[in-house]
Amino acid sequence: MKLCLIGTGYVGLVSGACFSDLGNDVICVDRDINKINNLKKSIVPIYEPGLEELVLRNYKNGKLKFSTNLKESVSKSDIVFICVGTPTKKNGSGTDLSQVYNVAKEIRKSISKFKIIITKSTVPVTTGDEIEKIISQKKSKKLFSIVSNPEFLREGEAIRDFNYPDRVVIGTNDKKSNTILKNLYSPLISKGAKYINTSRRAAELIKYASNAFLATKITFINEISNLCEKINVNVEDISIGMGLDKRIGSRFLRAGPAYGGSCFPKDTKAIITTADKFKVNLSIIKSVIKSNEERSSLLLKKVFHILNGKIKNKKITFLGVTFKANTDDMRDSSSLSMIPSLSKKGAKINYYDPTGEKKEFTKFKNVNFSKNIKSAINDSDLIIIHTEWNDFKSINFKKEVSNKNFKIFDMRNIYSLTKMKEQKIKYFSIGS
Ligand code: UGA
């Protein structure tokens, strides 16, 4: 099939590359000339394992093309995916849909035969209705169908998530579009993905409700971990014990720092805005947001406690600063509030991240990037394991750290409490 994906950010680029790998003819469009020129040289703007190889292979075999010409690319395609950004509005409430609507107006100019136009970006309920209104101002409704097809890709796992999704959600009442899209996704359906066809609004809401539920699950276990710390119980036992109940499930039940990233914080806020618009009180999600926002200060209190309230001139090392492993994404990472706060209190911060130095910390004079784990932890007073990269899972701390009184605060619970005790390491984790 002939596909066009508008916006070569995370969603557009990963989906475009994966669709081309399934044998479709794909054009990825972006207005950023530099980005497109780089992509033509297989320089991928985001860190995502396996993506560069996928782009290179499919660009070479001609299945994947890159362009800045939206008009021409849309004209050549049967299915158009809108994958542009949908950030939170500058005033902090609601989603800024200007890019989506501008693209809709551009697409409108190139419709001369039937096209399926899909929102893949996460868009609030009723956005599809709005796009339909915009396009039907100039084009007959017979010439297009607006469909919602949310993505459920995780950063760092996106290619696997694309190829082996739990479900493909297609939101449309149009039978013709449904048949075409079922066919497009048939290689994934035949590998076990469930295909569901819902109304367009339902598909839009499925995405927000899923992210809000996952954020709730994480926040729930984070709060349970707070209780565990008071009653001398290990939260890992609780996660296992709860997770084995199939109704609950073990995934997204890992206690840790505040959840971050470009999706959960943004989408939980956006679903509240939508609900407010319809005068519905989503009180659970509101509490989740509040609890998550308070989490970083709660963990900072624990840092003070570990260091007996003495922060000034203490050497504190952060292992990992991104919001999770296998990504270079810093958006809404809890390190963004923790590091400046400790730095203000006079701590000397070193950090190491496998994805390199971060511009977010360059303005702090007592925050330094170390080129490897060894130099980052060598003379630390406190090592904070902030992100669960595999690189951090088997460090011989006794050997690598010269300061004999070092302590570890493992915010991802990647080490065994017993083994740390055996080695007589002063080890603190979450929820124990
Ligand atoms: C999330 C969803 O998982 C995807 O399904 C969705 O497509 C995506 O948002 C999106 O809306 O585009 P992502 O933001 O990449 O994906 O990251 P997750 O792996 O979901 O992690 C989000 C946050 O939750 C991270 O800070 C992570 O450390 C935290 N987390 C996750 C936990 O603290 N505990 C867990 O058990 C799982």
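Residues numbered from 1 in each chain as written. Predicted model: local features only at pLDDT ≥ 70, side-chain atom pairs only at ≥ 80, totals over all residues. Heavy atoms only, no water.

The next subject is the pattern of salt bridges. With the rule as written, the count across this model stands at 27 salt bridges. Here Asp129 makes a salt bridge to Arg200, at a shortest N to O gap of 3.0 Å. Taken together, the positions of Asp129 in helix α6 (residues 127-136) and Arg200 in helix α10 (residues 200-231) put the pair 71 residues apart, joining distant regions of the chain. For Asp129, a relative accessible area of 22% gives the class partly exposed. For Glu229, the salt bridge goes to Lys302, with nearest N and O atoms at 3.1 Å. Placement of Glu229 in helix α10 and of Lys302 in helix α13 (residues 283-306) is noted, with a sequence separation of 73 residues between them. Since its relative accessible area comes to 13%, Lys302 is described here as buried. (Salt bridge = Lys/Arg side-chain N within 4 Å of Asp/Glu carboxyl O. Helix = DSSP H or I, 4+ residues; strand = E, 2+ residues; numbered from the N terminus. Buried < 20%, exposed > 50% of the residue type's maximum accessible area, 1.4 Å probe, protein only.)

Let us now look at the domain arrangement of the protein chain. By the assigned domains, the protein chain splits into domain 1 (2-198) and domain 2 (208-290). Taking the mean C-alpha position of each, domain 1 and domain 2 sit 29 Å from one another. Summing both sides of the interface, domain 1 and domain 2 together bury roughly 950 Å²; the carbon and sulfur share of this comes to 49%. If you sort the residues of domain 1 by the area they bury against domain 2, Thr88, Thr122 and Arg154 come out on top, with a joint share of 33%. Where domain 1 touches domain 2, the interface holds zero salt bridges. Remark: the boundary between domain 1 and domain 2 carries three residue pairs in polar contact (both at pLDDT 80 or more). Split into classes, the residues belonging to the side of domain 1 that touches domain 2 amount to five nonpolar, seven polar and four charged. (Domains from an automatic or database assignment. Buried area = accessible area lost by both parts, 1.4 Å probe. Polar contact = N/O pair within 3.5 Å; in protein donor to acceptor, adjacent residues only side chain to side chain. Nonpolar A, V, L, I, M, F, W, Y, C, P; charged D, E, K, R; others polar.)

Take the pairing of strand β6 (residues 144-148) next. The element β6 is extensively covered by neighbouring structure, given that five of its five residues are classed as buried. Burial along β6 is two-sided: the face carrying Phe144, Ile146 and Ser148 and the face carrying Ser145 and Val147 are both buried. Pairing geometry for strand β5 (residues 115-119) and β6, over five bridges, is parallel. Among the inter-strand pairings, Ile116 is bridged to a residue of β6, identified as Ser145. Taken together, β5, α6 and β6 constitute a β-α-β crossover, and its handedness is right-handed. (Pairing = 2+ DSSP bridges. Right-handed = clockwise from strand over helix to strand, strands pointing away.)

Looking at the secondary structure, you find Phe114 in the loop between α5 (98-109) and β5. Sequence separation between Phe114 and Ser140 is 26 residues, and the spatial gap between their C-alpha atoms is 9.9 Å. Contact partners of Phe114, with chain neighbours within four places excluded, come to Asp78, Lys142, Leu143, Phe144, Ser145, Asp174, Lys176 and Ser177. (Contact = heavy atoms within 4.5 Å.)

Another point: the packing of α5 against α6. The interhelical angle for the contact between α5 and α6, taken along N-to-C directions, is 35°, at an axis separation of 9 Å. At the point where α5 passes α6, the crossing takes the right-handed sense. For the pair α5 and α6, contact is made by Val100, Tyr101, Ala104, Lys105 and Arg108 and by Thr127, Glu130, Ile131, Ile134 and Ile135, respectively. Taken together, the residues of the contact of α5 with α6 sort by class into six nonpolar, one polar and three charged. (Axes fitted to C-alpha atoms, helices over the stretch in contact; angles between N-to-C directions. Left-handed = near helix turned anticlockwise from the far one by under 90°.)

Taken as a whole and assessed by the stated rule, the structure comprises zero disulfides. Cys18 forms no disulfide, and the closest cysteine sulfur to it belongs to Cys28, at a distance of 10 Å. With relative accessibility at 1%, the residue Cys18 sits in the buried group. The exposure class of Cys28 is buried, given its relative accessible area of 0%. (Disulfide = S-S within 2.5 Å.)

Here the focus is helix α2 (residues 33-40). Put simply, Asp32 is the residue that caps the front of α2, since its side-chain oxygen is 3.1 Å from the backbone nitrogen of Asn34. Looking one or two residues past α2, Ser42 carries a phi angle of roughly 60°, positive in sign.

The subject of this paragraph is the sheet that holds strand β12 (residues 382-385). The strand order across the open sheet built from six strands is β11-β10-β9-β12-β13-β14, with neighbouring strands paired in parallel fashion. Of all the strands in the sheet, the pair left with one neighbour each is β11 (367-369) and β14 (426-429). The sheet shows a mean angle of 20° between the axes of neighbouring strands, direction not considered. Alignment of strand β10 (residues 348-352) against β11, held across three bridges, turns out to be parallel.

When two helices pack together, their arrangement is given by the angle between their axes and by how far apart the axes lie. At their nearest, the axes of α13 and helix α14 (residues 335-344) sit 10 Å apart, and the two run at 40° to each other. Judged by the angle between their axes, α13 and α14 are oblique. Here α13 runs over α14; the crossing is right-handed. Every residue of α14 that contacts α13 at Ser296, Leu299, Leu300, Val303 and Phe304 is listed here: Ser337, Met338, Ser341 and Leu342. Across the contact of α13 with α14, the residue classes break down as six nonpolar, three polar and no charged. (Parallel < 35°, antiparallel > 145°, perpendicular 65-115°, else oblique.)

Trans is the common state for peptide bonds, and a negative phi is the common state for residues other than glycine. Even without being a glycine, Asn413 presents a positive backbone phi close to 50°. By secondary structure assignment, the location of Asn413 is in the loop between β13 (407-410) and α17 (417-422). Of the residues examined, Asn413 reaches a relative accessible area of 12% and is grouped as buried. Residues other than glycine seldom take positive phi values, yet Lys424 does so here, at roughly 60°. One can find Lys424 in the loop between α17 and β14.

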